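Chains, contacts and geometry: an overview
The residues making up each chain are set out below.
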There are 2 protein chains.
Amino acid sequence: MNESEFLAGYDPRVYPAVAVTVDVVALTIRGGGLRVLLIRRGEQPHAGLWALPGGFIRPGEDLPQAAARELAEETGLSNLGDRVHIEQLASYGTPDRDPRMRVVSISYLAFAPDLPDPLAGTDAADAAWQPVDKLPELAFDHDRILAHGLERARGKLEYTPLATAFAGETFTISELRGVYETVWGVPLHAGNFHRKILSVPGFVESTGETTESGGVRGGPRAKLYRAGDARLLHPALLRPAREEQIR
Amino acid sequence: MNESEFLAGYDPRVYPAVAVTVDVVALTIRGGGLRVLLIRRGEQPHAGLWALPGGFIRPGEDLPQAAARELAEETGLSNLGDRVHIEQLASYGTPDRDPRMRVVSISYLAFAPDLPDPLAGTDAADAAWQPVDKLPELAFDHDRILAHGLERARGKLEYTPLATAFAGETFTISELRGVYETVWGVPLHAGNFHRKILSVPGFVESTGETTESGGVRGGPRAKLYRAGDARLLHPALLRPAREEQIR
DNA sequence: ACAATAGTGTCTATTAGACAATATGCG
DNA sequence: CGCATATTGTCTAATAGACACTATTGT
């Protein structure tokens, strides 16, 4: 190892600057479908394209904190705090993923109940919840990040109670089934689903209340539940076998 | 938003430098137990403490490439390429996790069959495979990263064929069972395990060969298998229920 | 011979899933 | 009234796990 290698290996300050950003894949269920929060970029690069909300981390700011800030700031949705579940997704650092400079992005995955329409934030020309099955072209490598987020979300519904994060404070079993059907994109058997949910310890707990009225097309009032204290579902709710995804 | 906020939000160059490192949690099975590759730091900070192999990313270098390089470089183990499975674990960016400067670390998780002893690399005073249940104090927040890696590894054995990455090119069902027992830390029923493995499509495929001899304490020769083409195990191999881990 | 291990057989409790039945409430 | 929906019941096939058995090989 010569001196320049030594320096290159040991002192990061000889490098061109590396910027660190957070990007947020925020998912919700709206209009009967799964939607992701996108902002339209107001500035170069990729001005005019849609992108995930995100931006540079600030000094002294922890990563999850930066993700929450970007989500709130770029959409005008504040006070999200306790209604949104947020977790780290993955990091992306391919050298040319941003034309300006070396940018490493830490992505976060957020699950939200149906929220108000976002307001375009400070550096966004526009912001909207967009259906994940009818997406515009995305800036940078955000299509890849989003695909990764969707895959993660679908998987986590199986073995965690995360589906409740898409529902309101209280919900019916049918509403919960709607979450699974929407995220997984498959119809589920109402009766078996109902029994299965109630058989998983700690998934949901009864509020003792029922809905005010039956469904719009009739039917009895449904019992209301809130999220239970389980962090893992045991046994898990497995998706119908997907032979093609195994290999 | 005033001008300084504007600048802080838009131009990363006004920030103090952020350094990006990769750290690798490399796991193997040795001496009947699960072990992790640690290096003893030769330099400040935390000189003398054990740490995960890792270091700053280099210009033009992709993140997985950096992880593979650090693993090879800091241990003297080269040509690992095709024998080691490596995947991204998580990222850590708490502001004060490194006393020198703001450092964001992307961690990688590696699974390896039993490899030769590492050689201390260029900036490591020492390097060794150390049992995960008898660890020394670790530098930085590496204990947290390692704990996260172990948790991930244990979980992935359930629904992916990753256990084969701990075995050699070919292996017996008993050896594979040993991997599960070691990583999970629980004994498994030999007969039921055997049947279960063979029932999962694409997990293992027979080589048609058997071991050269029986076990050291007797027994018939075992059939040899190699990893199959499945990427997911279906149905999964679930760990015995862990009531305490659910909530 | 004896002990250890590979591999297979069998039985039972549990579970997933198909299907049915009943009751409630909307139009 | 007629239909959609919530909830519960029943049956069957598949599975996990306990246990047992046979065959093979090292000491």
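All values derive from a computational prediction rather than experimental measurement. (Residues numbered from 1 in each chain as written. Chains lettered and ligands numbered in written order. Predicted model: local features only at pLDDT ≥ 70, side-chain atom pairs only at ≥ 80, totals over all residues. Heavy atoms only, no water.)

Now for the overall build of chain A. Looking only at helices and strands, chain A features six helices and nine strands. Split into buried and exposed, the 247 residues of chain A put 51% on the buried side. Intrachain contacts of chain A at a sequence separation of at least 6 include 67% that bridge at least 24 residues. (Helix = DSSP H or I, 4+ residues; strand = E, 2+ residues; numbered from the N terminus. Buried < 20%, exposed > 50% of the residue type's maximum accessible area, 1.4 Å probe, protein only. Contact = heavy atoms within 4.5 Å.)

Tallied over the entire structure, the rule returns six aromatic pairs over all chains. Residues Tyr 180 of chain A and Phe 193 of chain A carry aromatic rings whose centres are separated by 5.6 Å and whose planes lie at 65 degrees to one another, so their mutual orientation is edge-to-face. With Tyr 180 of chain A in helix H4 (residues 173–184) and Phe 193 of chain A in helix H5 (residues 190–199), this pair connects stretches of sequence that are 13 residues apart. Of the two residues examined, Tyr 180 of chain A and Phe 193 of chain A, each falls in the buried class. Relative to Phe 166 of chain B, the ring of Phe 111 of chain B lies with its centre 5.2 Å away and its plane at 85 degrees, an arrangement referred to as edge-to-face. Of this pair, Phe 111 of chain B sits in strand E6 (residues 102–111) while Phe 166 of chain B sits in the loop between helix H3 (142–159) and helix H4 (173–184), and the two are 55 residues apart along the sequence. Phe 166 of chain B carries the same exposure label as Phe 111 of chain B, and that label is buried. (Phe/Tyr/Trp six-rings, centres within 6.5 Å; stacked < 30°, edge-to-face > 60°.)

Using the criterion set out here, one finds 26 salt bridges over all chains in the structure. Ionic contacts of the salt-bridge type, sharing partners, join the residues Arg 58, Glu 61, Arg 69, Glu 70 and Glu 73 of chain A into one network. (Salt bridge = Lys/Arg side-chain N within 4 Å of Asp/Glu carboxyl O.)

With that out of the way, let us pick up the protein's contact with DNA strand D. What surrounds DNA strand D is a group of 23 residues, the closest being Ser 174, Pro 220 and Lys 223 of chain A together with Asn 192 and Lys 196 of chain B. The contact atoms of DNA strand D, taken as those within 4 Å of the protein, divide so that sugar and phosphate hold 64%. Arg 177 of chain A is positioned such that a nitrogen or oxygen atom in its side chain is 3.5 Å from a phosphate oxygen of DNA strand D. In the model, a sugar or linking oxygen of DNA strand D is placed 3.2 Å from a nitrogen or oxygen of the Arg 217 of chain A main chain. Among the secondary structure elements, those contributing two or more residues to the surface near DNA strand D are H4 and H5 of chain A together with helix H5 (190–199) of chain B. (Near = heavy atom within 4 Å. Polar contact = N/O pair within 3.5 Å; in protein donor to acceptor, adjacent residues only side chain to side chain.)

A few words on unusual backbone geometry. Residue Pro 45 of chain A is bonded to the preceding Gln 44 of chain A through a cis peptide linkage, with omega at -5 degrees. Note that Pro 45 of chain A resides in the loop between strand E2 (33–41) and strand E3 (50–51). The omega angle of the peptide bond from His 234 of chain A to Pro 235 of chain A is 0 degrees, so this bond is cis rather than trans. Residue placement: Pro 235 of chain A occurs in the loop between strand E9 (223–227) and helix H6 (243–246). One non-glycine residue with positive phi stands out, namely Phe 140 of chain A, at about 50 degrees. Of note, Phe 140 of chain A is situated in the loop between strand E7 (124–131) and helix H3 (142–159). Even without being glycine, His 46 of chain B reaches a positive phi, approximately 65 degrees. Along the chain, His 46 of chain B falls in the loop between strand E2 (33–41) and strand E3 (50–51). Of the residues examined, His 46 of chain B reaches a relative accessible area of 29% and is grouped as partly exposed.

Before going further, it helps to spend a moment on the protein's contact with DNA strand C. As a matter of local geometry, DNA strand C sits amid 23 residues, with Asn 192 and Lys 196 of chain A together with Ser 174, Pro 220 and Lys 223 of chain B nearest to it. The sugar and phosphate moieties of DNA strand C supply 64% of its atoms located within 4 Å of the protein. Interatomic distance of 3.2 Å between a side-chain N/O atom of Arg 195 of chain B and a base nitrogen of DNA strand C. Between a phosphate oxygen of DNA strand C and a main-chain N or O atom of Lys 223 of chain B, the distance comes to 2.7 Å. Elements with a contribution of two residues or more to the surface near DNA strand C: H5 of chain A together with H4 and H5 of chain B.

Attention now goes to the packing of H4 of chain B against H5 of chain B. All names here are of chain B. The interhelical angle for the contact between H4 and H5, taken along N-to-C directions, is 105 degrees, at an axis separation of 10 Å. Accordingly, the angle class assigned to the pair H4 and H5 is roughly perpendicular. Touching Ile 173, Leu 176, Arg 177 and Tyr 180 of H4 are Ala 190, Phe 193, His 194, Ile 197 and Leu 198, all from H5. Of the residues belonging to the contact of H4 with H5, the class tally is seven nonpolar, one polar and one charged. (Axes fitted to C-alpha atoms, helices over the stretch in contact; angles between N-to-C directions. Parallel < 35°, antiparallel > 145°, perpendicular 65-115°, else oblique. Nonpolar A, V, L, I, M, F, W, Y, C, P; charged D, E, K, R; others polar.)

Turning our attention to the environment of Val 22 of chain A. Residues and elements named next belong to chain A. By the element assignment, Val 22 lies in strand E1 (residues 18–30). Each C-alpha atom, one on Val 22 and one on Ala 67, is 5.8 Å from the other, the two residues being 45 residues apart in sequence. Residues in contact with Val 22, not counting those within four places in the same chain, are Pro 53, Gly 54, Gly 55, Ile 57, Leu 63, Ala 66, Ala 67, Glu 70, Ser 105, Ile 106 and Tyr 108.

It is worth spelling out H3 of chain B at this point. Taking 1.5 Å per residue, 18 residues should reach 26 Å; H3 of chain B reaches 26 Å between its end C-alpha atoms and fits that length. All buried positions along H3 of chain B are accounted for by His 142, Ile 145, Leu 146, Gly 149, Leu 150, Ala 153, Gly 155, Lys 156, Leu 157 and Glu 158 of chain B. (Expected span 1.5 Å × (residues − 1).)

Another point: the side chain of Arg 177 of chain A. Residues and elements named next belong to chain A. Here Arg 177 lies in helix H4. Judged by its relative accessible area of 18%, Arg 177 is buried. Sequence-distant contacts of Arg 177, defined by excluding residues within four places in its chain, comprise Leu 188, His 189, Ala 190 and Phe 193.

All right, on to the environment of Ser 105 of chain A then. Residues and elements named next belong to chain A. Mapping Ser 105 onto the fold places it in strand E6 (residues 102–111). Spatially, the C-alpha atoms of Ser 105 and Gly 54 are 9.0 Å apart, while their sequence positions differ by 51 residues. Here Ser 105 is in contact with Thr 21, Val 22, Asp 23, Ala 90, Ser 91, Tyr 92 and Arg 97, once residues within four sequence places are set aside. Of the polar contacts made by the side chain of Ser 105, one reaches the side chain of Asp 23; its length is 2.6 Å.

Turning our eyes to something else, we now look at the side chain of Glu 61 of chain A. Relative to the assigned elements, Glu 61 of chain A resides in the loop between strand E4 (54–56) and helix H2 (63–73). For Glu 61 of chain A, a relative accessible area of 6% translates into the label buried. Sequence-distant contacts of Glu 61 of chain A, that is, excluding residues within four places in its chain, are made with Ala 66 and Arg 69 of chain A together with Pro 95 and Arg 102 of chain B.

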